[in-house]
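Architecture and fold: a report
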Amino acid sequence: MTMEHRSISRRSLLKFGGGGAAAIAIFGLTACSEDEAPNPFDGNGADVKESPMLTERVDAGELPELAERLPATPMEVEVMDGPAQYGGTLNRAQTDVGDAGALTAFASVGLLEWNWDSDGYLPSLAEEFTKNDTNTEFTFVLREGLRWSDGEPFTSADLQFTVDDVLRNETTIPSAPFWFSDGDARPTVEVPDERTVIFRYTQPFALFEKYMCHPAVSNQFLKPKHYLEQFHPTYTDQAEVDAATAAAGFDSWDQYFGDRDNWWTNPERPVLGAYQVVSAANAQSGTANLERNPYFWKVDPDGRQLPFIDQIQVQVLAQDALDLRAANGDLNFQGNYLGYNSAQVYLQNAEDRGYEMLRWKNDATLLSLCLNLSSTDEVLRELFLEVDFRAALSHAIDREDLNATLLGGLGDVRQPLATENSDYYVEGTGQRFIEFDLDTANSLLDGLGLTRGADGVRLRPDGQPLALVVLYVDSTAGVPTADAFTMVQRYWGEIGVTLSLRPVDPTLYAELRSANDFNISGTTVPGDDFDLEPVWFIPTGANSHSGPAYGQWYASNGAEGMEPPAEILALMDNWDLLRGAATDEERLDAGRAIVTQHDENVYAIGLLGLPFQPVIVTNDVRGVRDDEPKLSFYYGREGITKPEQISFLPA
Amino acid sequence: MLRFTIHRILHVIPTLIIISVISFFIIQLPPGDFLTTQVAALEAQGESIDPAQLEALRVRYGIDDPFWIQYWKWISNILLHGDFGLSFQFQRPVIDLITERLPLTILLGVATLLFTWAIALPAGIYSAIKQHSAADYTISVVGFIALAVPNFLAALVLAYIGFAYFGQSVGGLFSPEYVNAPWSLAKVGDLLEHLWIPVLVIGLAGTAGIIRTMRANMLDELYKPYVTTARAKGLPEGRNIRKYPLRIALNPFISTVGWSIPSIFDGEVIVATVLALGTTGPLLLAALKSQDMFLAGGIILIIAVLTVVGTLISDLLLAAVDPRVRFGKA
């Protein structure tokens with residue numbers, strides 16, 4: 001079965017790619033069967049405008065000339081280290097079969113994309129972007145002559161298909177995702193001509209551009225109509241679609257549609273990104289092979305088609321095997337899935353095995369304690385809602401000691417709020433209640449009337465001992481959670497607060513949280529980009545870390561959950577303002593109000609953040625940023641370095 | 001014999017039904033379901049799902065249906081259509097996922113079984129013949145050490161040695177350049193290069209038991225009068241052992257060969273996971289972790305059915321060999 005599948009995809013590849021594919025096969029064979037690998041950069045100087053592997057296919061008559069494959073105005077990308085050479089295979093690894101992160105990082109596409117500093121947008125597939133001044137109408141003009149990876153034109157019809165037949169379709173997407181809802185409805189799209197697309201919202205949506213840059217979201221707007229319509233009953237006879245669905249083993253057409261639309265698992269789906277999957281990791285080999293998209297529409301300043309690297313291979317491994325591979329120099333460029341706790345091993349082997357370990361910034365995340373402000377225990381809830389109580393707990397933590405013990409003094413000590421790198425940063429925030437001060441902590445608790453019993457443990461107003469439980473997922477990938485919380489346990493013992501640790505499985509963790517069944521959630525809190533993911537800061541859903549019952553109340557418009565007190569309502573109001581702001585200024589004001597409120601009230605008590613995120617780059621790879629950018633999901637992780645411009649050094 | 005066979009086969013049916021219910025029940029035991037796992041996984045990656053969307057998906061996948069309805073849907077599809085359902089996690093039919101991993105799983109299983117027997121049977125025979133000698137004690141000690149070292153640890157240590165001293169790519173059954181290449185002699189060679197670690201790790205752990213059984217069986221037989229007679233009549237010792245006691249002593253292995261079928265199929269979950277082998281083991285573990293119900297259920301059901309079938313085969317073999325079994329029980 002396996003072999004059959006594989007040989008079929010090989011054959012179709014040959015049909016599609018003919019001589020080029022044969023050339024790869026031959027190249028692969030010679031490279032493997034003989035000891036010395038041929039130089040893949042032969043005859044591949046700066047005057048060559050496209051990858052030699054594509055030139056061969058052009059010569060064989062299977063591909064049109066480069067000029068016909070590129071749009072009228074290709075997008076120009078600055079190359080970090082000057083003119084580069086084509087060719088090579090980049091090796092990567094991951095632990096999760098289903099994670100399309102490699103594509104999001106290396107082949108993300110959107111109408112817009114992040115600029116080099118990730119603080120604003122660049123027009124990308126769209127040549128022009130305008131919006132009205134109420135943030136309700138967004139107009140894009142696509143580049144002329146864009147093509148999918150199979151050579152078909154990419155036009156506004158594709159966007160209309162995506163919006164009308166997928167995003168607005170209640171079978172394919174039962175409930176509007178956060179980035180595609182317009183109050184209770186969903187936004188609409190209008191396409192006056194082949195290149196123009198207008199998105200219309202009835203309510204202002206201030207985060208639209210950000211989401212269009214967010215690589216995991218922007219890509220979902222781009223679906224190849226000419227390919228997918230054969231799986232959609234609006235365009236193809238229902239009986240035909242149903243038969244194909246059943247033949248493929250799916251229960252309903254939308255599942256099959258989703259499967260065909262998956263760019264990580266379906267090699268046949270045309271893409272617009274720099275790379276396309278040619279064999280999926282989903283198969284028994286657990287290895288995905290990605291190959292360059294011959295119609296990719298970005299060029300370097302000399303007009304040479306990007307990307308420089310021809311192929312990417314992604315292997316699915318267990319974490320230990322992945323760490324060993326990384327330390328062996330087997331992974332060419334990787335940050336995602338590398339743990340800080342293995343940094344020592346990476347460093348030790350770097351010189352011998354020919355790679356460098358860069359220290360990128362991580363997501364501005366801090367290991368923190370989020371008190372459940374909507375706790376079902378009324379006494380605790382009242383206590384948790386007292387800022388003095390939270391401040392006392394925060395003052396009682398010796399962060400210098402934590403830092404010295406767990407991270408050798410290198411860790412990040414502050415409260416979990418937006419940092420200087422964020423638009424929402426407010427001068428001077430993040431430092432409140434941070435100093436270790438048992439006297440202040442004790443007097444704050446005394447002030448709340450929490451007297452100590454005979455054994456030194458404080459008593460709750462109802463006479464019970466004050467005992468709290470922290471719920472967390474045990475992990476050593478970041479700041480070792482169990483160690484950190486054990487230390488907090490000791491610190492809080494000093495002020496008469498008993499803390500118990502409850503490590504749970506990730507599933508149970510999510511379950512208990514949405515059941516509102518916990519005292520404290522021990523979690524890493526990302527600070528900077530909270531507008532793209534409010535769960536840590538504003539209770540907008542039952543998955544909130546600081547008030548699931550309030551979140552449920554918010555999500556259900558008051559039908560379920562618990563009505564929040566005024567201060568939480570104020571947070572939610574500011575969140576609504578942020579989302580619906582008509583101008584950037586309004587949006588930033590609302591965001592800063594949220595940050596300020598968090599700063600004054602320390603809803604989440606920060607412990608410690610990792611000093612850096614290890615990123616491994618082998619010595620033969622060039623063009624990777626060394627200015628310590630952020631490895632963040634919101635910026636496409638490794639994608640922040642614009643990987644289409646990285647290349648291999650000539651052998 | 002026929003009566004025994006029919007009886008024995010009839011016993012299998014209720015067993016299978018109970019097994020299928022239990023395996024479905026076990027998968028459902030942990031709190032949460034596939035969707036909460038998804039939410040947890042997405043959160044770990046910094047994403048989150050809208051609660052309303054989650055609810056809609058719940059209804060779509062029938063996750064909130066009562067246990068019996070879910071079970072009935074599942075088992076009737078398998079029995080009537082051979083449809084094991086769709087894996088939530090991979091969004092692919094379960095049967096495809098299993099069948100594409102089967103060849104390597106079986107290869108690993110068979111290779112391990114042969115390796116185990118090739119090491120353990122001679123070792124057991126030798127230590128029986130040379131009972132209480134230094135060799136006997138050495139074999140026993142080594143066997144017990146191999147049994148005592150946890151498999152995953154041995155796999156990690158070997159993987160680390162491969163990395164630290166030989167600069168070998170760790171994980172998987174193929175080197176990166178061969179994983180998706182078509183089959184060729186070079187690829188087979190590459191496979192063999194990687195196959196020895198798991199085979200060694202899994203195989204060694206199983207040897208101790210077989211060595212001890214073989215040794216005990218041989219000791220039973222070696223001093224029986226017929227052996228002594230043969231020896232007295234001048235049959236050379238080697239030939240004597242090969243011809244008589246060995247054959248009898250091998251009996252238990254032949255009659256339990258059916259039990260090896262499930263262990264061949266499960267592909268040694270932990271070792272295969274540590275070494276990232278493309279067998280069904282890691283697939284099962286991943287499915288259980290993410291509560292991918294249909295996938296986990298499918299694999300567990302198949303392994304359970306194979307165990308039952310294997311036991312049936314063993315029983316029938318045993319009954320064929322030893323009349324006491326069929327007269328006593330049936």
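Refer to the structure above for everything that follows.
Residues numbered from 1 in each chain as written. Chains lettered and ligands numbered in written order. Predicted model: local features only at pLDDT ≥ 70, side-chain atom pairs only at ≥ 80, totals over all residues. Heavy atoms only, no water.

1. A word on the overall build of chain A
Using the following cut-off: Put simply, DSSP H or I for four residues or longer makes a helix, DSSP E for two residues or longer makes a strand, and each gets a number counted from the N terminus. Each residue's exposure class comes from its accessible area (1.4 Å probe, protein chains only) as a fraction of the maximum for that residue type: buried when under 20%, exposed when over 50%, partly exposed otherwise. For accessible areas, the Shrake-Rupley method is used with a probe of radius 1.4 Å. Any residue's cover is judged against the shown protein chains and nothing else. Positive charges come from Lys and Arg alone, negative charges from Asp and Glu alone, with His and the N- and C-terminal ends not counted. Charge positions are represented by NZ for Lys, CZ for Arg, CG for Asp and CD for Glu.
For chain A, the count of helices and strands is 21 helices and 22 strands. Across its three principal directions, the C-alpha atoms of chain A cover 90 × 60 × 45 Å. Put simply, chain A has 651 residues, and 59% of those count as buried. Accessible area of chain A: about 24200 Å², with a carbon and sulfur share of 48%. On chain A, the mean spot of the 46 positive side-chain charges and the mean spot of the 102 negative ones are 2 Å from each other.

2. What about empty space enclosed by the protein?
Residue and element names in this part refer to chain A. Applied cut-off: For each structure, a 1 Å grid was placed over the protein atoms alone; sets of points admitting a 1.4 Å probe that cannot get out are labelled cavities, open sets with protein on both sides within 12 Å along at least five of seven lines are labelled pockets, and lining residues have an atom within 4 Å of a point. Grid points are joined across faces, edges and corners, and a volume is the space filled by probe spheres set on the points.
Counted under the stated rule, the structure contains six cavities of 30 Å³ or more. Space inside the largest cavity adds up to approximately 240 Å³. What lines the largest cavity is a set of 23 residues, among which Ser-108, Glu-113, Pro-215, Gly-639 and Lys-642 lie closest to the centre. At the level of elements, helix H4 (101-106), strand E3 (112-114) and helix H7 (215-218) are the ones that each hand at least two residues to the lining of the largest cavity.

3. Some remarks on the environment of Glu-378 of chain A
Looking at where Glu-378 of chain A falls in the secondary structure, it is placed in helix H13 (residues 378-384). Taking the C-alpha atoms as reference points, Glu-378 of chain A and Ala-107 of chain A, 271 residues apart in sequence, are found 50 Å from one another.

4. Topic: helix H18 (residues 506-514) of chain A
Taken as a whole, H18 of chain A has its buried residues at Thr-507, Tyr-509, Ala-510, Leu-512 and Arg-513 of chain A. Following H18 of chain A by one or two positions, Asn-516 of chain A adopts a phi angle in the positive range, close to 60 degrees.

5. Observations regarding a positive patch on the surface
Residues and elements named next belong to chain B. Rule in force here: Each patch is built from residues that are more than 30% exposed by relative accessible area and take part in no salt bridge. Like charges join if they lie within 9 Å; nonpolar side chains (Val, Leu, Ile, Met, Phe, Trp, Tyr) join within 5 Å. Take a side-chain nitrogen of Lys or Arg and a carboxyl oxygen of Asp or Glu: if they are within 4 Å of each other, that pair is a salt bridge.
On the surface, Arg-239, Arg-242, Lys-243 and Arg-247 cluster together to form a positively charged patch. No other element matches helix H10 (residues 237-243), which puts three residues into the positive patch. Residue placement: Lys-243 occurs in helix H10.

6. Examining the packing of helix H20 (residues 566-580) of chain A against helix H21 (residues 584-601) of chain A
Residue and element names in this part refer to chain A. Worth spelling out the cut-off: For helices, the axis comes from a line fit to the C-alpha atoms of the stretch in contact; other axes are also lines fit to C-alpha atoms, and the angle between any two N-to-C directions lies between 0 and 180 degrees. Under this scheme an angle from 65 to 115 degrees is roughly perpendicular, one under 35 degrees roughly parallel, and one over 145 degrees roughly antiparallel; angles in between are oblique. Left-handed describes a crossing whose near helix is turned anticlockwise from the far helix by less than a right angle; the clockwise case is right-handed. Here, two residues are considered to be in contact whenever any of their heavy atoms come within 4.5 Å of each other. Each residue gets one of three labels, nonpolar for Ala, Val, Leu, Ile, Met, Phe, Trp, Tyr, Cys and Pro, charged for Asp, Glu, Lys and Arg, and polar for the others, Gly among them.
Packing of H20 against H21 leaves a shortest axis separation of 8 Å and a crossing angle of 155 degrees. Relative to H21, the element H20 lies roughly antiparallel. The chirality of how H20 crosses H21 is left-handed. Facing H20, whose interface residues are Glu-567, Ala-570, Leu-571, Asn-574, Trp-575, Leu-577 and Leu-578, H21 presents Arg-587, Ala-590, Gly-591, Ala-593, Ile-594, Gln-597, His-598 and Asn-601. A breakdown of the residues in the contact of H20 with H21 according to their chemical character gives eight nonpolar, five polar and two charged.

7. Comments concerning a nonpolar patch on the surface
Residue and element names in this part refer to chain B. A cluster of nonpolar residues, Val-141, Ile-145, Val-149, Phe-152, Leu-153, Val-157, Ile-161, Tyr-165, Phe-166 and Ile-270, forms a patch on the protein surface that exposes about 960 Å² of accessible area. Those elements that provide at least two residues to the nonpolar patch are helix H6 (134-148) and helix H7 (151-166). Examining the composition of the nonpolar patch, we find that six residues originate from one element, H7, more than from any other. Secondary-structure assignment places Val-149 in the loop between H6 and H7. On the basis of relative accessible area, Val-149 is assigned to the partly exposed category, the value being 35%.

8. A word on the pairing of strand E16 (residues 467-473) of chain A
All names here are of chain A. Our working definition: A pair of strands is treated as paired once DSSP finds two or more bridges between them. With strands facing away from the observer, any crossover in which the path from the first strand over the helix to the second runs clockwise is taken as right-handed.
Two elements, E16 and strand E17 (residues 498-504), share seven bridges in a ladder whose sense is parallel. Looking across to E17, one finds that Val-469 is bridged to Ser-500. Read as a crossover between parallel neighbours, the route from E16 over helix H17 (residues 481-494) to E17 is right-handed. As paired strands, E16 and strand E18 (residues 520-526) are joined by three bridges and run parallel to one another. In the sheet register, Val-470 faces E18, and the bridge partner there is Ile-520.

9. What about the nonpolar core?
Basically, it comes down to this: Buried Ala, Val, Leu, Ile, Met, Phe, Trp, Tyr and Cys residues form a nonpolar core when they are joined through side-chain atoms within 4.5 Å.
If you look at the biggest cluster of nonpolar residues, it comprises 209 residues, and the most contacted ones within it are Phe-140, Phe-199, Trp-264 and Trp-492 of chain A. The leading source of residues in this core is helix H15 (residues 293-321) of chain B, at eight residues. If sequence neighbours within four positions are ignored, Trp-492 of chain A has contacts with Leu-369, Leu-393, Ala-396, Ile-397, Leu-468, Val-497, Leu-499 and Ile-520 of chain A.

10. Some points on the packing of aromatic side chains
Residues and elements named next belong to chain A. As a reminder of what qualifies: Classification of ring pairs rests on two measures: the distance between centres of Phe, Tyr or Trp rings, Trp counted by its six-membered ring, which must be within 6.5 Å, and the angle between planes, read as stacked under 30 degrees, edge-to-face over 60 and tilted in between.
According to the stated counting rule, one finds 42 aromatic pairs over all chains in the structure shown. Ring plane angle 90 degrees and centroid distance 5.8 Å describe the contact between Phe-140 and Phe-199, whose orientation is recorded as edge-to-face. Taken together, the residues span a long stretch of sequence, with Phe-140 in strand E6 (residues 137-142) and Phe-199 in strand E8 (residues 196-200) at a distance of 59 residues. This pair shows no difference in class: Phe-140 is buried, exactly as Phe-199 is. Summarising the aromatic geometry, the rings of Trp-148 and Phe-154 are spaced 5.4 Å apart at their centres and angled 90 degrees between planes, so their arrangement reads as edge-to-face. Of the two residues examined, Trp-148 and Phe-154, each falls in the buried class.

11. With respect to the pattern of salt bridges
Residue and element names in this part refer to chain A. For the structure on display, the rule yields 31 salt bridges over all chains. With a shortest N-O distance of 3.4 Å, Arg-414 and Asp-412 are connected by a salt bridge. A relative accessible area of 31% means that Asp-412 is categorised as partly exposed. One salt-bridge network, in which partners are shared between bridges, spans Glu-113, Lys-298, Lys-642 and Glu-644.

12. Focus: the sheet that holds strand E12 (residues 311-316) of chain A
Residues and elements named next belong to chain A. Judged by pairing direction, the sheet is mixed, and its four strands sit side by side in the order E2-E12-E10-E9 without closing on themselves. At either margin of the open sheet sits one strand with a lone partner, and together these are strand E2 (89-94) and strand E9 (275-279). Along the sheet, successive strands turn relative to each other by an average axial angle of 25 degrees, direction set aside.

13. What to know about the sheet that holds strand E19 (residues 604-608) of chain A
Residue and element names in this part refer to chain A. In space, the five strands of this open sheet follow the order E17-E16-E18-E15-E19, with mixed pairing throughout. This sheet does not close on itself; its edge strands, each paired only once, are E17 and E19. Strand-to-strand twist across the sheet, computed as the mean angle between neighbouring axes with direction ignored, equals 35 degrees.

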